[in-house]
Amino acid sequence: MTHLNGVDCSTKLNQSLAAGLKLNGIQYVGRYLGNSWKTMSRAEAQSIINAGLKIVSIWETNPTNAAFFTKEKGISDSKEASTYAKSIGQPEGSAIYFTVDYDAQPGDIGAILDYFTGVREGLDKNYKVGVYGSYSVVESLHTSNSADFYWQTSSWSRSNIAAFIQILQYQYNVTLAGVQVDYDHFTTDAGSWGHVSSLQTVSNTATEQHVASASHSSSSSNEAPPTYTVKPGDTLSEIAVKFGTTVNELVQINGIHNPNLIYAGQILKLHSTSQGSSGPVYYVVKSGDTLSQIAIAFGSSVAQLQEWNGIENPNLILVGQKLQVK
């Protein structure tokens, strides 16, 4: 059975809607770049990320017939997409998906290949090329090595599923947590992104699947206890075994209501802070952290962390920065 862990939608998401998707087990959300009623702003991107989700960027104007696809159009689309991606803080190393949104026939493939040749030429070299389309489209583009990531829709695919794809779109126009979405199954991170580039730069390795690595810092009277940042595929029981604790302890010290629901990027305390310390507690920022995640992890608030640490912009913290959290 296909496992639902991603959706794509035209709806503009605020943090409440994004959190609702997260509570339903969603890890990835496909949203649109560009200037139309369905496109994502920088503020929306940050709301999605603050809810613990990762973003898949989509560029789509009107790719619904063979006449749309030329090399020149591919160049112009990819240049516009690069500019918009930068404007909302999409980090280097992530992907932009260009769509073939119709039942492409064998005679159309040549034009589609020309378009993606243009996409390669025009796209900022710091971004990866993704393609969305039917089985015949992704197969043809994969054979010609025209993209870095492949997102297949079951529409027009006649029950064929390509073996190499990173995303499969398999159900359409479903309402989930108050949002009309299409259902997607992700087998990898697929060039998605989980922070805006004003915070830090992601790895250029396109197949990177880990959001962050474990922190093994020692605790003292003025340092936070060891923490762990959840990676895709982690379970609470596996984390408990790895760090010599129990699920119950992790649930209690992190205020987890459902032990079966943790998400990539979530910061978990591994041990209780109740050692009788009367001084302030500090935490060192790791790659992928956001101020809201840190606030949740240590039972504080973004506003309180800003006040304690003199932070003017809550969206701008740096890897290695030492923050007072209690």
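Residues numbered from 1 in each chain as written. Predicted model: local features only at pLDDT ≥ 70, side-chain atom pairs only at ≥ 80, totals over all residues. Heavy atoms only, no water.

## A few points about the overall build of the protein chain
Regarding its fold elements, the protein chain presents nine helices and twelve strands. Going through the 326 residues of the protein chain one by one, you find that 51% of them count as buried. Within the protein chain, residue pairs in contact and separated by at least 24 positions form 62% of the contacts whose partners lie at least 6 positions apart. (Helix = DSSP H or I, 4+ residues; strand = E, 2+ residues; numbered from the N terminus. Buried < 20%, exposed > 50% of the residue type's maximum accessible area, 1.4 Å probe, protein only. Contact = heavy atoms within 4.5 Å.)

## Things to note about the layout of surface pockets
Considering only enclosed or pocket space, the largest pocket measures out at about 510 Å³ in volume. Residue assignment for the lining of the largest pocket shows that the elements contributing at least two residues are helix H1 (15-23), strand E10 (267-269) and helix H8 (291-297). Of the residues that constitute the lining of the largest pocket, the class distribution is ten nonpolar, ten polar and one charged. (1 Å grid on protein atoms, 1.4 Å probe; cavity = no way out; pocket = protein on both sides within 12 Å on 5 of 7 lines; lining within 4 Å. Points joined across faces, edges and corners; volume = space filled by probe spheres on them. Nonpolar A, V, L, I, M, F, W, Y, C, P; charged D, E, K, R; others polar.)

## Topic: the packing of aromatic side chains
Following the criterion strictly, the structure yields ten aromatic pairs and no others. Residues Phe68 and Tyr115 carry aromatic rings whose centres are separated by 5.6 Å and whose planes lie at 45° to one another, so their mutual orientation is tilted. Of the two residues, Phe68 sits in the loop between strand E3 (54-59) and helix H3 (71-87) while Tyr115 sits in helix H4 (residues 109-122), which places them 47 residues apart along the sequence. For the residue pair Phe68 and Tyr115, the accessibility class agrees, reading buried in each case. Three or more aromatic residues joined by ring pairs form one cluster here, namely Phe68, Phe69, Tyr102, Tyr115 and Phe116. One cation-aromatic arrangement involves Lys38 over Tyr32; the distance from NZ or CZ to the ring centre is 4.1 Å. Cation over ring: Lys322 sits above Tyr282, and NZ or CZ is 5.0 Å from the ring centre. (Phe/Tyr/Trp six-rings, centres within 6.5 Å; stacked < 30°, edge-to-face > 60°. Lys NZ or Arg CZ within 6 Å of the ring centre and 35° of its normal.)

## With respect to the nonpolar core
Ranked by size, the top nonpolar core spans 52 residues in total, and within it Val7, Ile96, Phe98, Ile112 and Phe116 carry the most contacts. It is H4 that provides the largest number of residues to this core, a total of five residues. Counting residues in hydrophobic clusters, the runner-up holds 14 residues, among them Ile267, Leu291, Ile311 and Val325. (Core = buried A, V, L, I, M, F, W, Y, C linked by side-chain atoms within 4.5 Å.)

## A short note on unusual backbone geometry
A negative phi angle is the norm for most residues apart from glycine, just as the trans form is the norm for most peptide bonds. Phi is positive for Trp156, close to 65°, though the residue is something other than glycine. The class of Trp156 is partly exposed, set by a relative accessible area of 31%. If you check the backbone angles, Ala190 has positive phi at about 55° while not being a glycine. Looking at where Ala190 falls in the secondary structure, it is placed in the loop between strand E8 (179-186) and strand E9 (227-229). For Ala190, a relative accessible area of 1% corresponds to the buried category.

## Here we look at the packing of H4 against helix H5 (residues 135-143)
Contact geometry for H4 and H5: axes closest at 11 Å, N-to-C directions at 55°. For the element pair H4 / H5, the angle class is oblique. Every pair of crossing elements has a handedness; the one defined by H4 and H5 is right-handed. Residues Ile109, Ile112, Leu113 and Phe116 of H4 form the contact with H5, whose participating residues are Ser136, Val137, Ser140 and Leu141. Counted by class, the contact of H4 with H5 contains six nonpolar, two polar and no charged residues. (Axes fitted to C-alpha atoms, helices over the stretch in contact; angles between N-to-C directions. Parallel < 35°, antiparallel > 145°, perpendicular 65-115°, else oblique. Left-handed = near helix turned anticlockwise from the far one by under 90°.)

## Some points on the side chain of Asn254
One can find Asn254 in helix H7 (residues 247-254). When residues no more than four places from it in sequence are discounted, the contact partners of Asn254 are Ile267, Leu268 and Lys269.

## Remarks on the confidence of the model for the protein chain
Low pLDDT means the predicted atomic positions in that stretch should not be read closely. Of the residues in the protein chain, 88% reach a pLDDT of 70 or more, and the chain-wide mean stands at 85. Considering only residues more than four positions removed or in separate chains, one finds that residues 198-221, a stretch of pLDDT under 50, has 61 contacts. (pLDDT = per-residue confidence, 0-100.)

## Topic: the environment of Gln90
Relative to the helices and strands, Gln90 resides in the loop between H3 and strand E4 (95-99). Between the alpha carbons of Gln90 and His195 there is a distance of 7.6 Å; along the sequence they are 105 residues apart. One polar contact links Gln90 to Ser94, side chain to side chain, over a distance of 3.0 Å. (Polar contact = N/O pair within 3.5 Å; in protein donor to acceptor, adjacent residues only side chain to side chain.)

## Details of the pairing of E4
Judged by how many residues are buried, E4 sits mostly within the fold: five of five residues are covered. Across the two faces of E4 the burial is the same, with Ala95, Tyr97 and Thr99 and Ile96 and Phe98 all buried. Each parallel crossover has a hand, and for E3 linked through H3 to E4 it is right-handed. As judged from the five bridges shared by E4 and strand E5 (residues 128-133), these two strands associate in the parallel manner. The residue bridging Ala95 from the neighbouring strand is Lys128, located in E5. Read as a crossover between parallel neighbours, the route from E4 over H4 to E5 is right-handed. (Right-handed = clockwise from strand over helix to strand, strands pointing away. Pairing = 2+ DSSP bridges.)

## Brief notes about the environment of Thr99
Here Thr99 shows up in strand E4. According to the relative accessible area criterion, Thr99 is buried, its value standing at 3%. Once the C-alpha coordinates of Thr99 and Pro63 are considered, the two residues, 36 residues apart in sequence, prove to be 6.6 Å apart. Here Thr99 is in contact with Ile58, Trp59, Glu60, Pro63, Phe69 and Tyr132, once residues within four sequence places are set aside. Of note is the side chain of Thr99, whose polar atom sits 2.8 Å from the side chain of Glu60.

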